[in-house]
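# Chain and residue survey
The lines below spell out each chain.
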Amino acid sequence: MGKKYFVAVMFAFFVFGLATSAVFAENALETAAKAKVAQIQKLQDAGNWPAVVTYSRNFVEWARYNGGHFLDAYTLPVYDTLAAAREKEGLYDYSANIIREKHSWKPDPANVEKVMTYEKKGIEQADFFQKSLAFQSDRITVGNDILKLTEQRATLVNALLAKASISQADLTALQGALASLSTQIDAKKSDLAAKKDTYLKAIDQYQKDGVIFTAEQNHVLSVRSQAAGSIQTKIDSVEKTVQDGVLKINQKFQFSWPGLEDLLSNMKDLQTKIMALQQQMLAIMAKNPLSADDKKNLLALKSQLDQYMIAHNKVMADIVKAFMTTSIFSKLSQDQQTKYIDIFRVILDAQNVINSDNKIIADFISKMDTQAAFGDLNGDGKVDQGDLPLMIKYVLAGNVTDKVADLNGNGKVDWNDYMLLREMVNGTRKTAPVDPANIAGDLNGNGAVDEGDLDWMIKMYFNPDLYAGTAFKKIADINGDGKFDIQDIITIVNQINRVTPVSAAAPATGTDTTTGVAASGTVVEDNSGQATGATNNASTGTGTSAGSLRQGF
């Protein structure tokens, strides 16, 4: 009996030990899962979506392999986090595939609706992109047509100015030719305006749904938009040549036409208002230092000045139009000739003063601390959804150089600025790249130097032309040597390693999924919607994942 009793006791202890070990193992797994999920949450709160993708994918593989369904309370929400991160990058098909993978691990009817939502956004994105691409192409085509017609106008005006003397017949012929070209230009502009209205109506719902482009799509649109903007800049320059030529013709040949006197009178009134406003602004600028109210008043006056300049340019255009549509010129008496010559002289002299003061004012404001104004396009004191429609209009205009809207500091307002403003409105970016309050190395503007900034640096290093002339170059100079190079990347890697010692968990197979290989049973994120057994985390909307970038070094 003694021996049997001993065996029974030992067996009981053995069973108890196994049960206790299992409990300890489960507790250890759950503790590790909580820590990893907390790390992912921190990255999510910071808006570091590439890092969220890397950490979430690694966690899912680790949890499925080590904990199985025991860790579903942590694994399933992380699937949703991973899908949401891909959505933030505009990779809706990837998000749908992630939810499909989640469903294959643990079926849930609610997953069907999530997949349908992502698929719908993917379809909308494709249509949004194609419509945007088509409109930018229209801007380029029509812009080139208008440029050619405008250059013909300039050629005619310059040819007349080059003549030693001209006859009434010369003037009449010139007027007819210019009028014909003006009619063609107006028709082109009307056609483009109609296409713009159609485009804005077509994409209105996509904007309301919050559909965004991938980084690649945004780059393509940005290139097209910049090309259209460049054409418009050339058109504006040639138009200025035509306007100046018309004024010189009136000075040189002393001819006039009906309605000119009223236009010139309007121009004088506008120039008087503009110069008075400029003097008010120059008086504020003379203070040292400027108070917060001074800066606010100066920006408000600048907005008013911009409106006056728009009206000024319109009157100037009307003067040109009057010249082009007048069919009969009549020579004036000596007194009339003297009167008009004096008016033109005053206008030209005033225009030189206005242009000079405008440059002084613009230079001063560009150097002034306008941190609170970056992105606040409607001037309501905050950056929110109300600023996005204005940014869209600026981008489509193609020739806007408003520094409040030029968030990346490349000297123009384009699709890149629109995407940066969306990040600021969504809260993923706290500051614009041009903001002087940016931390060195904080390229994603979330207030900290982290793995998301490393992704930016890698993209900048291999695609320097995309960031030439922008504020990103200054922020990326994290070691402060006055240039951006490989040393800055080494510096930020060292800094991140010191600040963030916790690394992502290893995947189920022992292979880092950031290289593109994962445990079997996962899905390929290839935009096809098909599950094939591998992941491709390097194909994201904002660049390869932080883990794979470091491995590449």
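These numbers come from a predicted model, not from an experiment.

## A look at the confidence of the model for the protein chain
Predicted confidence across the protein chain gives a mean pLDDT of 76, with 76% of residues reaching 70 or more. Within the protein chain, no element has a lower average pLDDT than helix H16 (residues 546–552), which sits at 26, and none a higher one than helix H4 (residues 92–105), at 93. Here residues 15–20 scores under 50 on pLDDT; set against residues more than four positions off or in separate chains, the count is zero contacts. The low-confidence segment residues 325–332, where pLDDT is below 50, has 19 contacts with residues more than four positions distant or belonging to other chains.

## Considering the pattern of salt bridges
Applying the stated rule across the entire model yields 23 salt bridges. Between Lys-208 and Asp-204 there is a salt bridge, with its nearest N and O atoms 3.1 Å apart. Linking Lys-208 with Asp-204, this pair stays in helix H6 (residues 168–208), spanning four residues, or about one helical turn. The salt bridge involving Lys-240 is made with Asp-244; its shortest N-O contact spans 2.9 Å. Highlighted residues: Lys-240 and Asp-244, both in helix H7 (residues 215–253), separated by four residues, approximately one helical turn.

## A word on helix H3 (residues 72–88)
Because each turn of an α-helix spans 3.6 residues, side chains separated by three or four positions end up pointing in the same direction. Under the 1.5 Å per step criterion, the end-to-end length of H3 is 24 Å for 17 residues, consistent within 8% with the ideal 24 Å. By the burial criterion, the buried members of H3 are Asp-72, Tyr-74, Thr-75, Leu-76, Val-78, Tyr-79, Thr-81, Leu-82, Ala-83, Ala-85 and Arg-86. Looking one or two places after H3, you find Gly-90, whose phi comes out positive at around 80°.

## Side note on the nonpolar core
Met-391, Leu-407, Trp-415, Tyr-418, Leu-443, Met-457 and Ile-492 are the most contacted members of the largest nonpolar core, which totals 69 residues. If you list the elements that add at least two residues to this core, you get helix H5 (110–162), H6, H7, helix H11 (388–397), helix H12 (415–426), helix H13 (451–462), helix H14 (472–476) and helix H15 (486–499). Looking at which element gives the most residues to this core, the answer is H5, with twelve residues. Look past the residues within four positions of Met-391 in its chain and what remains in contact with it is Leu-377, Ala-405, Leu-407, Val-413, Asp-417, Tyr-418 and Leu-421. Ranked by size, the runner-up nonpolar core spans 27 residues in total, among them Ile-40, Ala-63, Leu-76 and Ala-83.

## Regarding the environment of Leu-301
Mapping Leu-301 onto the fold places it in helix H9 (residues 292–325). Distance in space between the C-alpha atoms of Leu-301 and Gln-278 is 8.6 Å, their sequence separation being 23 residues. Not counting residues up to four positions away in its chain, the partners in contact with Leu-301 are Leu-277, Gln-280, Met-281 and Ile-284.

## Notes on the packing of aromatic side chains
Enumeration over the complete set of coordinates arrives at eleven aromatic pairs. Their ring planes at 5° and their centres at 4.9 Å tell us that Phe-135 and Tyr-199 sit as a pair that is stacked. Here Phe-135, found in helix H5, pairs with Tyr-199, found in helix H6; they are 64 residues apart in sequence, far enough to count as distant. The pair formed by Phe-135 and Tyr-199 is uniform in burial state, with each residue classed as buried. Considering the side-chain rings of Phe-213 and Trp-415, the 6.0 Å spacing of their centres and the 70° angle between planes classify their relative orientation as edge-to-face. Taken as a pair, Phe-213 in the loop between H6 and H7 and Trp-415 in helix H12 lie far apart in primary sequence, 202 residues in all. Each member of the pair, Phe-213 as well as Trp-415, carries the same accessibility label: buried. One aromatic cluster in this structure is built from Phe-128, Phe-129, Tyr-206, Phe-213, Trp-415 and Tyr-418. Residue placement shows Lys-36 over the ring face of Trp-62; its charged tip is 5.0 Å from the ring centre. Across the ring face of Trp-456, the terminal group of Lys-459 is positioned such that the distance to the ring centre comes to 4.6 Å.

Calculation criteria
Residues numbered from 1 in each chain as written. Predicted model: local features only at pLDDT ≥ 70, side-chain atom pairs only at ≥ 80, totals over all residues. Heavy atoms only, no water. pLDDT = per-residue confidence, 0-100. Helix = DSSP H or I, 4+ residues; strand = E, 2+ residues; numbered from the N terminus. Contact = heavy atoms within 4.5 Å. Salt bridge = Lys/Arg side-chain N within 4 Å of Asp/Glu carboxyl O. Expected span 1.5 Å × (residues − 1). Buried < 20%, exposed > 50% of the residue type's maximum accessible area, 1.4 Å probe, protein only. Core = buried A, V, L, I, M, F, W, Y, C linked by side-chain atoms within 4.5 Å. Phe/Tyr/Trp six-rings, centres within 6.5 Å; stacked < 30°, edge-to-face > 60°. Lys NZ or Arg CZ within 6 Å of the ring centre and 35° of its normal.

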